[in-house]
Amino acid sequence: LEHGTPFGRWSAKGLLPLPDPDLAAEMYEWLCEFLESNCFVQYEISNWAADHQRPEAGHQTTESQLATFNVRPSTPSFACRHNLQYWRGLPYLAFGAGAHGYANGYRYSNVLRIKTYIERLNADPSTLNPAFPLSPATVNCHKQTAQDDCSEYMMTGLRLTREGVSAEEFQARFGRSMLDVYPREIDELLKLGLVENCPWPGVPAKLRLTQRGRLLGNQVFMRFV
């Protein structure tokens, strides 16, 4: 549970009983099956979306059937474009109090208080001229290193249960092979059965979570921190 949230405080005080981990896993697996049977496609660990290209309920094609027919799975029609921007490691700007952004090599966030946010943006711009995309409302910023970007690209990309992380795109983006940067980590995760090489014929090599890996995602992500 997120630190500093009501749920976090209630749990710490014993006011919010949490479900047994095994029960929570069963709930997750049931949900995956139920949504797939109703034409909702899981494209991210905690996100499903309707796909108008899929057949009607009762005639759906499962991912195992897609593999049998050598058909590459696509992103569902109604997947959230905003969230995909995060998971694919692409830039986005922060607008508004408390907003977070990632652009021009910076991860940054704005002041939380609305009144302060407005005051900062109304201030004389000559007193502060931050580099793009930072603004007078920025309170926290971090200049990303190449290692930061590699690490985050793996963590967020592996959240995409269908896309995973493309070896070709990793090479193009960072100028290094994914297997050269993370040889031990990837080998270990493959042996544990938490990740797999993309099985779709004719598709450049990709690494993605297995069904078991979706339940133990944090065990995968922590290896890239």
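Given the structure is predicted, the values throughout are model-derived calculations rather than measurements.

Novice: Report on the confidence of the model for the protein chain, specifying residues and quantitative values.
Specialist: Here the protein chain averages 87 in pLDDT, and 85% of its residues register 70 or above. Counting contacts from residues 66-72, a segment whose pLDDT is below 50, to residues more than four positions away or on other chains yields eleven contacts.

Novice: Got a sec to walk through a nonpolar patch on the surface? Specific residues and values, please.
Specialist: A surface patch of nonpolar side chains, amounting to about 570 Å² of accessible area, comprises L1, F7, W10, L15 and L18. The topology assignment puts F7 in helix α1 (residues 6-12).

Novice: Help me get a handle on the sheet that holds strand β4 (residues 106-110), residues and values and all.
Specialist: What the three strands build is an open sheet, ordered β3-β4-β5; its pairing is antiparallel. Every interior strand has two partners, whereas the edge strands, β3 (100-103) and β5 (138-143), have only one. In this sheet, neighbouring strand axes are inclined to one another by 15° on average, regardless of whether the strands run parallel or antiparallel. Bridge analysis of β4 against β5 gives five bridges, and the strand direction is antiparallel. Paired with N110 across the strands is T138, a residue of β5.

Novice: An account of the packing of aromatic side chains is needed here, citing residue identities and associated values.
Specialist: Taken as a whole and judged by the stated rule, the model has ten aromatic pairs. Relative to W87, the ring of Y86 has its centre 6.3 Å away and its plane inclined at 80°; by these criteria the two rings are edge-to-face. Residue class for Y86 comes out partly exposed when judged on its relative accessible area of 26%. The exposure class of W87 is buried, given its relative accessible area of 17%. Three or more aromatic residues joined by ring pairs make a cluster, and in this case those are Y86, W87, Y92 and Y102. Across from the ring centre of Y102, 4.0 Å away, lies the NZ or CZ of R107, which sits over that ring. Geometry around W87 places R159 over its ring, the cationic atom sitting 4.7 Å from the centre.

Novice: Mind laying out a negative patch on the surface, listing which residues take part and the relevant values?
Specialist: Where like charges cluster on the molecular surface, the negative patch consists of D20, D22, E26, E29 and E33. Here E33 lies in helix α2 (residues 21-37).

Novice: Tell me about the pairing of strand β8 (residues 206-209), and name the residues and values.
Specialist: Residues K206 and R208 line one face of β8 and the alternating positions L207 and L209 line the opposite face, and both faces are buried. As defined by bridge partners, strand β7 (residues 195-197) adjoins β8 across three bridges and the pair is classed as antiparallel. For N197, the partnering residue across the bridge sits in β8 and is L207.

What counts and what doesn't
Residues numbered from 1 in each chain as written. Predicted model: local features only at pLDDT ≥ 70, side-chain atom pairs only at ≥ 80, totals over all residues. Heavy atoms only, no water. pLDDT = per-residue confidence, 0-100. Contact = heavy atoms within 4.5 Å. Patch = residues over 30% accessible without salt bridge, like charges linked within 9 Å, V, L, I, M, F, W, Y side chains within 5 Å. Areas by Shrake-Rupley, 256 points an atom, 1.4 Å probe, with all protein chains shown as cover. Salt bridge = Lys/Arg side-chain N within 4 Å of Asp/Glu carboxyl O. Helix = DSSP H or I, 4+ residues; strand = E, 2+ residues; numbered from the N terminus. Pairing = 2+ DSSP bridges. Axes fitted to C-alpha atoms, helices over the stretch in contact; angles between N-to-C directions. Phe/Tyr/Trp six-rings, centres within 6.5 Å; stacked < 30°, edge-to-face > 60°. Buried < 20%, exposed > 50% of the residue type's maximum accessible area, 1.4 Å probe, protein only. Lys NZ or Arg CZ within 6 Å of the ring centre and 35° of its normal. Lys, Arg positive; Asp, Glu negative; His and termini not counted. Charge placed at Lys NZ, Arg CZ, Asp CG, Glu CD.

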